[in-house]
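Results of the structural survey
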Amino acid sequence: MALIVQKFGGTSVGSTDKIKNVAKRVLRHQQQGHQVVVVLSAMSGQTDTLLGMAAEMQHLPDLRESDMLLATGEQVTIALFAMAIKGAGSNAVSLLGDQVRIITDAMHTKARIKEIETDVIRKHLDAGRVVVVAGFQGVTSEGEITTLGRGGSDTTAVALAAALKADACEIYTDVEGVYTADPNICAQARKIDMITYDEMLELASLGAKVLEIRSVGLAKRYKVPLHVRSTFSENEGTWVVEEERIMESMLVSGITYSRKEARITITGVPDQPGVASKIFQPISDAGILVDMIIQNTREGQLTDITFTVLRTDYARTMEMLQKTIANIGAESVKGDESIAKLSIVGVGMRNHSGIASTMFQVMANEGINIMMISTSEIKVSCIIAEKYTELAVRSLHSAFALDKNNLPEEE
Ligand code: ADP
Ligand code: ASP
Ligand code: MG
């Protein structure tokens, strides 16, 4: 008998009919003799709808109250799902984050899981129930409701799989697995059979929302093999595994993009020790993540500092920076929300040169201006104007022959 954690995303539970179908699928697994813990998202679009309503109430919605609101989306699907299982003659129980006791820190709207208690879940599993857990939410040790950040149900699923030492963690979604590029904007994209945790971490952090980044980090840390697959077919999906399990590495495994960032430039910054800290300390104290940072100094002169933050943090950051520039004596702060970050990822890059320059050449051929560049061992990212996103993804996909096998040639 195996213990399986199965997570179904918003589109998989987007209507009552879909919920009933997913319940049937889960019951088939249970009838094969497995214990099943199901993690559900809210119905597709629901979290966005709730966020929209919040924005009607308050310019920058209160973070604690946002969590109170957002956590309701998942409560709806888990209750309906448990009813669907019971309606099919079997037994189930739905549990909210605080009923499981998924304990998080108090960083509202992007809380981190600190601990998961497993007693309640085990008791229900042993009684033969399908346990249906609300994704994306937790509770602080003081009893405050929290949420884990967008896409956070993936994190709930992996964290539960790790805590329960589950035999498998399956992430069911609306595509057949992890693709070489977002299949919704690149028709040539191919399903990847196996990918390393590190590549998936990069893809996820750079915009491939098929898996939420923290879920991949947890899976890597606790060695939880992830199987990303389709709710709507029986086909094998993509396995996210340790590097040792993959025989041959692609030069470039995937191309990804993110429209979630905004670019901010502070001009006329005095070139003195301590200035960068005065700019970035208040931002990090507010729990805002800064991604790329560029600063070019010419000795003794004023400089510009450009960096990116999530668009959801843009207004708050701009507001904070008004104070900062007065404080440090900088000239002005400017922002641009219509940018995209385009990235290529592959462990094959470790041993092969020329990948970044090919990327830049493709951009040049398409007449796309590169505003910022950043690289790491297995990725290259460029900031470009948002309107060129699709064009850039498709051009890079064909330039790196991702629709075919692009294994590096033997040297
Ligand atoms: P769920 O609601 O099941 O969590 P998401 O919408 O969060 O699903 O993630 C699935 C979506 O991720 C797909 O519909 C696809 O558009 C998008 N996506 C982006 N990049 C990729 C990729 N490289 N491979 C697969 N899907 C991707
Ligand atoms: N419902 C949440 C969201 O839309 C969490 C999730 O779907 O994973 O972000
Ligand atoms: Mg998701």
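Here's what I pulled together on the structure shown here.

What follows covers helix α8 (residues 213-221). Within the span of α8, buried status applies to R214, S215, V216, L218 and A219. Residues of α8 that are buried in the fold lie against α6 (153-163), α7 (197-205) and β11 (226-230). Where α8 begins, the capping side chain belongs to E212, and its oxygen is found 3.1 Å from the backbone nitrogen of R214. Of the residues one or two after α8, K223 is the one with positive phi, at around 50°.

Our focus in this paragraph is the side chain of S41. Relative to the assigned elements, S41 resides in the loop between β2 (35-40) and α2 (46-57). Side-chain polar atoms of S41 contact the side chain of S153, separated by 3.2 Å. Each residue touching S41, except ones within four places of it in the same chain, is listed here: K7, F8, G9, G10, V13, E74, T77 and S153.

Looking at where I103 falls in the secondary structure, it is placed in strand β4 (residues 102-104). Among all residues touching I103, those that are not within four sequence positions of it are R112, I113, K114, E115, V139, T140 and S141.

Looking now at the pairing of strand β20 (residues 379-385). Burial analysis of β20 places 7 of its 7 residues in the buried class, which makes it a mostly covered element. The pairing of strand β18 (residues 339-345) with β20 spans 7 bridges and is classified as antiparallel. The residue of β20 that forms the bridge with A340 is I384. Where strand β19 (residues 372-376) folds back onto β20 in an antiparallel hairpin, the turn is made up of 2 residues.

So, about the site of ligand 2. Taken together, the neighbourhood of ligand 2 is formed by S41, A42, T47, E74, F136, R150, G151, G152 and S153. Expressed as a share of its isolated accessible area of 260 Å², the protein-covered part of ligand 2 is 87%. Across the shell around ligand 2, the residue classes break down as 2 nonpolar, 5 polar and 2 charged.

Counted according to the given criterion, the structure contains 20 salt bridges. The salt bridge partner of K110 is D313, with a shortest N-O separation of 3.4 Å. Residue K110 is found in the loop between β4 and β5 (113-116), and its partner D313 is found in the loop between β16 (303-310) and α10 (314-328); the two are separated by 203 residues along the sequence. With relative accessibility at 26%, the residue K110 sits in the partly exposed group. Among the ionic pairs, R229 bridges to E170, the shortest N-O distance being 3.0 Å.

With that out of the way, let us pick up the sheet that holds β2. Strand order across the open sheet formed by 8 strands is β3-β6-β2-β1-β9-β11-β12-β10, with mixed pairing between neighbours. Edge positions in the sheet fall to β3 (92-95) and β10 (194-196), since each of these pairs with one other strand and no more. Sheet twist, expressed as the average angle between the axes of neighbouring strands with direction ignored, equals 20°. Pairing of strand β1 (residues 3-8) with β2, which is carried by 6 bridges, proceeds in the parallel orientation. If you follow L3 over to β2, its bridge partner there is Q35. Sheet strands touched by helix α5 (residues 119-126): β1, β2, β3 and β6 (130-134). Its angle to β2, the strand with the most contacts, is close to 130°. Of the strands in this sheet, β10 and β12 (238-241) are in contact with α7, which crosses β10 at around 80°.

Once that is clear, we can look at the sheet that holds β20. The strand order across the open sheet formed by 4 strands is β13-β18-β20-β19, and the pairing between neighbours is antiparallel. If you trace the sheet from one side to the other, it starts and ends with β13 (254-258) and β19, each paired once. Neighbour-to-neighbour, the strand axes of the sheet open up by a mean angle of 20°, direction not taken into account. In the packing of helix α11 (residues 355-365) onto the sheet, contacts are made with β18, β19 and β20, and the angle to β20 comes to roughly 20°. The strands that helix α12 (residues 389-399) touches are β13, β18 and β20; relative to β18, the one it contacts most, it runs at about 15°.

Another point: α5. Two residues of an α-helix separated by three or four positions point the same way, owing to the 3.6 residues in each turn. Within the sequence span of α5, burial applies to I121, H124 and L125. On an axial view of α5, the arc spanned by its buried residues comes to 100°, and they lie on one face. The exposed set on the far side of α5, more than 90 degrees from its buried face, consists of D119, K123 and D126. Where α5 is buried, its residues contact β1, β2, β3, α4 (97-100), β6 and α6. Of the residues trailing α5, G128 is marked for its positive phi of about 85°.

This part takes up unusual backbone geometry. At R101, a residue that is not glycine, the phi angle is positive and equals roughly 80°. By relative accessible area, which is 30% here, R101 ends up partly exposed. Unusually for a residue other than glycine, A401 sits at a positive phi of about 50°. Among the secondary structure elements, A401 is positioned in the segment after α12. Overall, A401 belongs to the partly exposed group, its relative accessible area being 22%.

Reading the values: rules and limits
Residues numbered from 1 in each chain as written. Chains lettered and ligands numbered in written order. Predicted model: local features only at pLDDT ≥ 70, side-chain atom pairs only at ≥ 80, totals over all residues. Heavy atoms only, no water. Buried < 20%, exposed > 50% of the residue type's maximum accessible area, 1.4 Å probe, protein only. Helix = DSSP H or I, 4+ residues; strand = E, 2+ residues; numbered from the N terminus. Contact = heavy atoms within 4.5 Å. Polar contact = N/O pair within 3.5 Å; in protein donor to acceptor, adjacent residues only side chain to side chain. Pairing = 2+ DSSP bridges. Near = heavy atom within 4 Å. Areas by Shrake-Rupley, 256 points an atom, 1.4 Å probe, with all protein chains shown as cover. Nonpolar A, V, L, I, M, F, W, Y, C, P; charged D, E, K, R; others polar. Salt bridge = Lys/Arg side-chain N within 4 Å of Asp/Glu carboxyl O. Axes fitted to C-alpha atoms, helices over the stretch in contact; angles between N-to-C directions. Arc of directions from axis to C-beta.

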